[in-house]
Amino acid sequence: MNTVSALAAAGDSAPAPAALPAHLAYRPDIDGLRAIAVLAVVLFHAFPGKLRGGFAGVDIFFVISGFLIGSILIGGMQRGDFSFADFYARRVRRIFPALTLVLASCLAFGWFALFADEFAMLGKHVIGGAGFLSNIFLWREVGYFDTAAETKPLLHLWSLAIEEQFYIVWPLLLAAACKRRWPLWTLAAGLGALSFLLNIAGVQYFPEATFYSLASRAWELLAGVLLAYASVNGISFSLHAQRGGAVQVLTPGSQRGRDLQSFAGLGLIVLALALLQRGPGFPGWWALLPVLGALLLISAGPQAWVNRRILSQRLLVGVGLVSYPLYLWHWPLLSFAQIVEGGTPSRTIKLAAVGAALVLAWLTWRLVERPLRGTRFGRAKVAVLAGLMLALAAAGYAVASRGGLPLRPAMVDNALQQKDLILVEDVANAKACKQRYGFDSLYEYCLMDDPTREPTVVLLGDSHAYHINAGQMQYWRSKGENFLYLGTRVPFIGLPTAGDPYQEATPQMLELALKLPAVKTVLFSTALSLHQPEAEKALLVPAFRETVRSFLAAGKRVIYVADTPKLDFEPRSCIRRGAVANSGTRRDCSLPRATYDATLRQNADLAPVLAEFPAVQVFDIAPMLCDARRCRVMVDDALMYRDTHHLSYRGDLAAGAAFARWDQEQARR
């Protein structure tokens with residue numbers, strides 16, 4: 001007996017057609033809609049300025065998937081011939097072939113081209129991709145030190161993870177509903193409404209979680225499921241038109257009704273692709289544009305004007321057929337180009353990457369997907385594909401757990417410089433420091449040389465304070481002092497928090513440093529130009545003035561650390577990659593002194609306060625890096641920066657040594 005054959009009689013309270021079809025009739029217009037969705041995503045990723053709402057193609061995919069797979073599930077359960085084993089075997093044969101090929105190719109390319117930190121991250125994301133957990137991995141990575149999305153070659157697998165998570169849970173819920181004689185459409189509608197409400201509520205307060213979570217995205221798939229329920233059960237809808245004061249009812253059975261519906265659907269999708277912008281407000285209400293557009297187009301049927309004349313064109317149908325492998329291939333190629341080039345690739349390179357993705361998509365569909373999708377030797381195919389996926393997950397774990405294999409032959413020559421690219425954190429020290437002061441949130445952060453003693457020197461600031469803390473700790477330890485770093489946003493008294501949890505924690509840190517009696521020296525360091533809103537710049541000077549006044553009045557020695565500039569190139573582009581060359585290696589790894597100085601105008605904004613309080617001392621890192629003409633990012637074969645605006649660990653220690661020399665000079669004056 002099939003898995004749910006005993007549930008056939010309990011399937012649903014709605015009347016079903018006398019004979020439900022065992023298979024969906026092929027609809028070329030849906031492949032055409034797939035093509036629009038995938039081309040929108042590819043264009044957005046390659047040239048985001050050309051189609052700013054192209055990311056909404058993913059939402060169109062969710063609706064299509066919900067409709068097609070929902071039709072299979074609902075039809076099978078209502079007929080009583082649905083089998084969980086057959087369903088998941090079909091999913092494996094459909095999803096795994098192209099995915100295993102892309103994951104394996106990414107690992108192979110990474111072996112030759114990626115630095116240790118990049119390869120370790122890729123290994124982690126291969127695990128997420130193979131286990132359909134990418135959305136959860138990416139959600140957990142969002143944070144202050146998160147790397148740019150463009151340098152994560154498997155970032156796009158978050159949407160595939162949401163789909164597959166949905167298809168693990170949804171069939172089980174459907175089977176339970178059938179067994180208990182619950183109407184299937186009410187289950188889909190109820191869960192869809194709950195998911196949509198979570199989406200609306202969460203997009204304001206938890207934007208990252210709302211974007212990546214199945215709970216807040218499921219409504220898009222369930223919208224397609226509801227349409228599938230209507231289609232399977234022969235339920236139709238009506239369109240109403242007003243003409244001359246009389247109401248005309250245009251049913252989907254009428255050509256005019258289908259045509260108008262298809263135009264409305266296409267119009268909503270065009271609006272979505274043209275108007276939407278990526279940011280914390282999406283999905284939210286805005287996601288209704290692509291979702292409703294896709295629903296209208298699919299429900300209009302293959303004979304509607306747009307579906308017949310546009311979506312069913314051979315070229316679009318052809319792209320739709322390879323849309324899945326095209327989606328899988330395009331982002332790794334664009335991302336690897338970004339990584340190897342050390343920044344945004346040229347237009348020519350982007351076009352080449354998109355062209356290569358199209359070719360690889362067709363080859364994957366023709367030589368890999370089609371031969372493996374059939375049911376012949378079905379069990380053997382499923383076993384082999386599952387084994388390959390497990391092997392890829394194991395390979396990803398090996399790469400990630402071994403720190404990206406820094407001693408690979410392709411990378412061993414530059415292993416020390418690659419370490420300069422990695423963020424160094426003393427996790428045990430941070431834990432002990434936080435326990436000492438009762439810090440219990442992510443936004444309350446500190447490091448302390450000796451957590452068992454009272455601090456005598458405090459460094460206050462954001463990540464541009466963190467990136468000098470190791471050198472500072474080393475120096476003050478040599479002087480018999482106990483050093484404490486307190487993490488903040490902008491460490492000035494009286495600045496608005498504006499909903500920023502790091503800025504909300506800042507007053508607590510300032511008060512602590514101000515009131516600790518053993519603290520005699522306080523240093524301030526912050527990246528003003530990177531995260532201070534334009535509207536609040538006028539508040540900086542009075543806030544800095546109040547901060548300086550308060551700390552001097554408390555008898556503290558106050559030192560302001562002039563900020564380091566943001567580079568206009570990635571420092572990792574200074575390091576030669578094993579077997580892969582980029583199109584323009586920066587051989588001298590430096591920038592003009594004038595460019596360096598121009599990026600630090602925020603230091604000049606505070607000059608009036610520094611002049612007003614001559615007791616405040618100013619330490620500038622520039623002499624360590626710069627002569628009169630150029631500023632070097634590579635000094636004595638050590639990379640001073642780990643990214644475009646943070647010092648590396650060796651840069652941190654070098655800044656500490658420079659500070660030691662500067663402080664000794666201050667003592668002699």
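For clarity, every value in this text was computed on a predicted model and none was experimentally measured.

> Describe the overall build of the chain, listing the residues and the values that go with them.
Summing up its helical and strand segments, the chain has 28 helices and twelve strands in all. Across its three principal axes, the chain shows a C-alpha extent of roughly 95 × 60 × 50 Å. Counting every position in the chain, which comprises 669 residues, the buried fraction comes to 53%. Relative to all contacts within the chain whose residues are 6 or more apart in sequence, the contacts with residues 24 or more apart total 78%. Of the roughly 29600 Å² that the chain leaves accessible, carbon and sulfur atoms contribute 61%. Charge-centre separation for the chain: the mean point of 64 positive side chains lies 9 Å from the mean point of 50 negative side chains.

> Before we move on, could you go through the packing of helix 3 (residues 84-113) against helix 6 (residues 157-179) and cite the residues and values that matter?
In the contact formed by helix 3 and helix 6, the axes pass within 12 Å of each other and the chain directions differ by 175°. With respect to each other, helix 3 and helix 6 are oriented roughly antiparallel. Contact with helix 3, carried on its side by Phe-84, Phe-87, Tyr-88, Arg-91, Ile-95, Leu-99 and Leu-103, involves Leu-157, Leu-160, Glu-163, Glu-164, Tyr-167, Ile-168, Pro-171, Leu-172 and Ala-175 of helix 6 and no other residues of that element. Looking at the contact of helix 3 with helix 6, its residues break down into 13 nonpolar, no polar and three charged.

> Residues and numbers for the pattern of salt bridges, please.
Scanning the model with the defined rule gives 24 salt bridges in all. Across the salt bridge formed by Glu-118 and Arg-572, the nearest N and O atoms sit 2.4 Å from each other. Placement of the pair is Glu-118 in helix 4 (residues 116-130) and Arg-572 in the loop between strand 7 (557-561) and strand 8 (590-592), with a sequence separation of 454 residues. For the pair Glu-118 and Arg-572, one class covers both residues: buried. Where Arg-373 meets Glu-369, a salt bridge forms, and the shortest distance between an N and an O atom there is 3.8 Å. With Arg-373 and Glu-369 both in helix 15 (residues 347-373) and four residues apart, the pair spans about one turn of that helix. By sharing partners, the salt bridges in this structure join Asp-117, Glu-118, Arg-572 and Arg-577 into a single network.

> Account for helix 20 (residues 469-478), with residues named and values stated.
Counting buried positions along helix 20 yields seven of ten residues, so the element is predominantly enclosed. Of all the residues in helix 20, the buried ones are Asn-469, Ala-470, Gly-471, Gln-472, Met-473, Tyr-475 and Trp-476. Gly-480 sits one or two residues past helix 20 and shows a positive phi near 80°.

> Break down the nonpolar core for me, citing the residues and quoting the values.
Of all hydrophobic cores here, the largest spans 108 residues; its most connected members are Leu-33, Leu-99, Leu-103 and Trp-170. Beyond its immediate chain neighbours, meaning those up to four positions away, Leu-103 contacts Val-126, Gly-129, Ala-130, Leu-154, Leu-157, Met-389 and Leu-392. Among the nonpolar cores identified, the runner-up in size contains 47 residues, and Ile-559, Val-561, Tyr-596 and Cys-631 belong to it.

> How would you sum up the confidence of the model for the chain? Please name residues and give values.
The predicted coordinates of low-pLDDT regions are not to be read in fine detail. Overall, the predicted model of the chain reaches an average pLDDT of 88, with 90% of residues at or above 70. Mean pLDDT values over the elements of the chain span from 44, in strand 2 (residues 246-250), up to 98, in strand 4 (residues 457-461). Within the model, pLDDT remains below 50 along residues 1-18, and this stretch shows 39 contacts once partners closer than five positions in the same chain are excluded. Contacts for the low-pLDDT stretch residues 244-250, under 50 throughout, to residues beyond four places or in other chains number 18 contacts.

> Tell me about the sheet that holds strand 6 (residues 521-525), and name the residues and values.
As summarised here, the arrangement of the six strands in space is 3-5-4-6-7-9, forming an open sheet in which the pairing is mixed. The strands lining the two open edges of the sheet, one partner per strand, are strand 3 (446-448) and strand 9 (617-619). Shown here is a sheet whose adjacent strand axes are inclined to one another by a mean of 20°, direction ignored. Strand direction decides the pairing type here: strand 4 and strand 5 (residues 483-487), joined by five bridges, are parallel. Bridge assignment links Leu-460 to a residue of strand 5, and that residue is Leu-486. Its contacts with the sheet put helix 20 on strand 3, strand 4, strand 5, strand 6 and strand 7, and the angle it makes with strand 5 is roughly 155°. Where helix 28 (residues 649-668) meets the sheet, its contacts fall on strand 6, strand 7 and strand 9, and the angle it forms with strand 9 comes to roughly 150°.

> Help me get a handle on the state of the cysteines, residues and values and all.
Under the defined criterion, the tally for this structure stands at three disulfides. The side chain of Cys-626 participates in a disulfide bridge whose partner is Cys-631; the two sulfur atoms lie 1.9 Å from each other. Its torsion about the S-S bond being 110°, the disulfide of Cys-626 and Cys-631 is classed as right-handed. Across the pair, Cys-631 and Cys-626 agree in class, each one buried. Disulfides within the chain link the bonded cysteines, taken in sequence order, as 1-2, 3-4, 5-6.

> So, the environment of Val-142: which residues are in play, and what are the values?
Considering the arrangement of structural elements, one finds Val-142 in the loop between helix 5 (134-141) and helix 6. Spatially, the C-alpha atom of Val-142 lies 29 Å from that of Leu-407, the residues being 265 residues apart in sequence. Setting aside anything within four residues of it in sequence, one finds Val-142 in contact with Glu-208 and Tyr-212.

> Let's hear about the packing of helix 14 (residues 323-341) against helix 15: which residues, and what values?
Following both chains from N to C, one finds helix 14 and helix 15 inclined at 145°, their axes separated by 8 Å at the closest point. Judged by the sense of rotation from one axis to the other, the crossing of helix 14 with helix 15 is right-handed. Packed against helix 14, whose contacting residues are Tyr-324, Pro-325, Leu-326, Trp-329, His-330, Leu-333, Leu-334, Ala-337 and Glu-341, the element helix 15 presents Ile-349, Lys-350, Ala-353, Ala-356, Ala-357, Leu-358, Leu-360, Ala-361, Thr-364, Trp-365 and Glu-369 at the interface.

> Pulling in residues and values, what's your account of the environment of His-330?
Locating His-330 in the fold gives a position in helix 14. Residue classification places His-330 among the buried residues on the basis of a relative accessible area of 1%. Here the alpha-carbon distance between His-330 and Trp-182, two residues 148 residues apart in the chain, equals 42 Å. Contact partners of His-330, with chain neighbours within four places excluded, come to Val-41, Val-42, His-45 and Ala-357. A distance of 2.7 Å separates the side chain of His-330 from the side chain of His-45, its partner in a polar contact.

> Lay out the pairing of strand 6 in plain terms, naming residues and giving numbers.
Within strand 6, five of the five residues are buried, which leaves it mostly tucked inside the rest of the structure. Of the two faces of strand 6, the one holding Thr-521, Leu-523 and Ser-525 and the one holding Val-522 and Phe-524 are both buried throughout. The pairing of strand 4 with strand 6 spans five bridges and is classified as parallel. Pairing of Val-458 across the sheet is with Val-522, part of strand 6. Sheet topology note: the strand 6/strand 7 ladder contains four bridges and is parallel. Counterpart to Phe-524 in the pairing with strand 7 is Tyr-560.

Parameters at a glance
- Residues numbered from 1 in each chain as written.
- Predicted model: local features only at pLDDT ≥ 70, side-chain atom pairs only at ≥ 80, totals over all residues.
- Heavy atoms only, no water.
- Helix = DSSP H or I, 4+ residues; strand = E, 2+ residues; numbered from the N terminus.
- Buried < 20%, exposed > 50% of the residue type's maximum accessible area, 1.4 Å probe, protein only.
- Contact = heavy atoms within 4.5 Å.
- Areas by Shrake-Rupley, 256 points an atom, 1.4 Å probe, with all protein chains shown as cover.
- Lys, Arg positive; Asp, Glu negative; His and termini not counted.
- Charge placed at Lys NZ, Arg CZ, Asp CG, Glu CD.
- Axes fitted to C-alpha atoms, helices over the stretch in contact; angles between N-to-C directions.
- Parallel < 35°, antiparallel > 145°, perpendicular 65-115°, else oblique.
- Nonpolar A, V, L, I, M, F, W, Y, C, P; charged D, E, K, R; others polar.
- Salt bridge = Lys/Arg side-chain N within 4 Å of Asp/Glu carboxyl O.
- Core = buried A, V, L, I, M, F, W, Y, C linked by side-chain atoms within 4.5 Å.
- pLDDT = per-residue confidence, 0-100.
- Pairing = 2+ DSSP bridges.
- Disulfide = S-S within 2.5 Å.
- Left-handed = near helix turned anticlockwise from the far one by under 90°.
- Polar contact = N/O pair within 3.5 Å; in protein donor to acceptor, adjacent residues only side chain to side chain.

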